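# An overview of the molecular structure
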Protein chains: 2
Amino acid sequence: MNEFAAEPEPEDEALQDGGARPRTRIQRRNTGAILDAALEVFSAQGFRGATLDQIAEVAGLSKPNLLYYFASKEAIHVELLSGLMDTWLDPLREMDPEGEPEAEIMAYVRRKLQMARDYPRESRLFANEILQGAPRMRAAIEGELKDLVDEKAAVIRGWQQAGKIAGVHPHHLIFSIWALTQHYADFDMQVRAVLGPEGEDPFPEAGKFLDTLFGRLLAP
Amino acid sequence: MNEFAAEPEPEDEALQDGGARPRTRIQRRNTGAILDAALEVFSAQGFRGATLDQIAEVAGLSKPNLLYYFASKEAIHVELLSGLMDTWLDPLREMDPEGEPEAEIMAYVRRKLQMARDYPRESRLFANEILQGAPRMRAAIEGELKDLVDEKAAVIRGWQQAGKIAGVHPHHLIFSIWALTQHYADFDMQVRAVLGPEGEDPFPEAGKFLDTLFGRLLAP
DNA sequence: GAAATCTTTGACCCTTTGGTCAAGGACAGG
DNA sequence: CCTGTCCTTGACCAAAGGGTCAAAGATTTC
């Protein structure tokens, strides 16, 4: 079970009224189970591909019971996404303008790779949403996300002007970190298939590779 | 209109029988329009999210007419995917073991980035398929794709042992090329949103960035 | 321990969707 | 210009899917 998306924003919205947080123990347990099941199904099938029956089955509840806790399929999805954005941006927020430039960026890379490993479903949910043109997240991406990236890009530019790291385009540097780390979650199936049936964990090697890559890219 | 996926394999399968290639001019035109429309819709909505009505509308045909040319929704999808794999791997096939190592890899990166720019729908179709665990492509990925990657990884290892390029993990090097180039197609919406409303083409800058990145990564 | 308040679900409803079919048009080829 | 093949579609159909509801079961509260 995973609180990752369930915790940040107190789920509710449903339960006809619309004021209170999860009250009873039962409510907390069931909304948690629903969000976890929905994450499982939405991340694997996309919004339109997922069905309430599938989510209900994974959650171990009946379909009408889902709809007792959430007003609609869409409401479940929105709940997941709104919890996601914050957690998704946290590793970037932690990048400290006062820190040692190369170390800060390398640490960011490692945090993102760790997230890809620990929360692949969240990564795929996000990927699905962007792939379809972000119909339910456009605002957050053009607002929150863009603002944070612009802010950190400015920090990076400062480091570059101080000669601490190489002068590569800050926005594209950030894109490259996203692309390279999330790839291991979103394309996990392909990565494992290509590496062969030995079934060993690709992440340790990926970590080493990314250390080398960004080490060389950032050297002033 | 785009022949990319329509041409490689002669579409047919439908038309009740199952022997002949597109015979008439009408047939060629309509199967082409259907595959192009299906690429549009599948790449944007995923398989389950797409509907025959949407595809029919984009193609400018009636739904029963679609099903005159293709046996089922699934048949259209399969047709697209089977045409895709070959084209997708071509840029890697072209990497020449006899060529100058760094130049060969850089050229591969540029070809892939060019594909992301010219064929974003194909990239997203592929991404959708892998994200959902590749239910209809597993065989091709574990076979054709893995084989080619293994072959080229061996070539790269040879170059590394000859001291021509840095000794990074060949498979992860290839993954990084895929991740970094396809990101600009698959996450296009996000890339453009973050770069801001100026609406300028991200690809020229991406090209410069990737030149720097791989130049530094590969230097022996 | 009974009233008031949550939870749960079987049965149902309406829309969407993949797919069928028979009949009517368009187009060769002779 | 007529016949046999190819193409097109309006009308249907059955299944799936999102969502509702009333009534029955649990829990809590006093």
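Residues numbered from 1 in each chain as written. Chains lettered and ligands numbered in written order. Predicted model: local features only at pLDDT ≥ 70, side-chain atom pairs only at ≥ 80, totals over all residues. Heavy atoms only, no water.

## Notes on the relation of the copies chain A and chain B
Structural alignment of chain A on chain B gives an RMSD of 0.0 Å, achieved by rotating through 180° and translating 0.0 Å along the axis. Put plainly, the chains are arranged around a two-fold axis. (Least-squares fit on C-alpha atoms with pLDDT ≥ 70 in both.)

## A word on the side chain of Lys112 of chain B
Residues and elements named next belong to chain B. Secondary-structure assignment places Lys112 in helix 5 (residues 101-118). There is no salt bridge for the buried Lys112, and the closest opposite charge comes from Asp186, which lies 8.8 Å off by N-O distance. With residues near it in sequence (within four places) discarded, Lys112 still touches Trp88, Pro91, Ile177, Trp178, Thr181 and Gln182. (Helix = DSSP H or I, 4+ residues; strand = E, 2+ residues; numbered from the N terminus. Buried < 20%, exposed > 50% of the residue type's maximum accessible area, 1.4 Å probe, protein only. Lys, Arg positive; Asp, Glu negative; His and termini not counted. Salt bridge = Lys/Arg side-chain N within 4 Å of Asp/Glu carboxyl O. Contact = heavy atoms within 4.5 Å.)

## Some thoughts on the protein's contact with DNA strand D
DNA strand D sits among 18 residues. The nearest are Leu52 and Lys73 of chain A together with Thr24, Gln27 and Tyr69 of chain B. A share of 62% of the atoms of DNA strand D within 4 Å of the protein falls on sugar and phosphate groups. One nitrogen or oxygen atom from the side chain of Gln27 of chain B is found 2.8 Å from a phosphate oxygen belonging to DNA strand D. Within the side chain of Tyr69 of chain B, one N or O atom sits 2.8 Å away from a phosphate oxygen of DNA strand D. Looking at the surface near DNA strand D, the elements that each hand over two or more residues are helix 3 (63-69) of chain A together with helix 1 (25-49) and helix 3 (63-69) of chain B. Counted by class, the surface near DNA strand D contains 8 nonpolar, 7 polar and 3 charged residues. (Near = heavy atom within 4 Å. Polar contact = N/O pair within 3.5 Å; in protein donor to acceptor, adjacent residues only side chain to side chain. Nonpolar A, V, L, I, M, F, W, Y, C, P; charged D, E, K, R; others polar.)

## Observations concerning the interface of chain A and chain B
Contacts between the two partners involve 57 residues from chain A, matched on the other side by 57 residues from chain B. When chain A packs against chain B, close to 4900 Å² is buried across both sides, 71% of that on carbon and sulfur atoms. Linking chain A to chain B there are 0 salt bridges. The tally of links between chain A and chain B comes to 11 residue pairs in polar contact (both at pLDDT 80 or more). Residue assignment for the side of chain A that touches chain B shows that the elements contributing at least two residues are helix 1 (25-49), helix 6 (120-131), helix 7 (138-161), helix 8 (170-186), helix 9 (188-195) and helix 10 (203-218) of chain A. In terms of residue count, the dominant contributor to the side of chain A that touches chain B is helix 8 of chain A (12 residues). Classifying every residue of the side of chain A that touches chain B by side-chain character gives 31 nonpolar, 17 polar and 9 charged. (Buried area = accessible area lost by both parts, 1.4 Å probe.)

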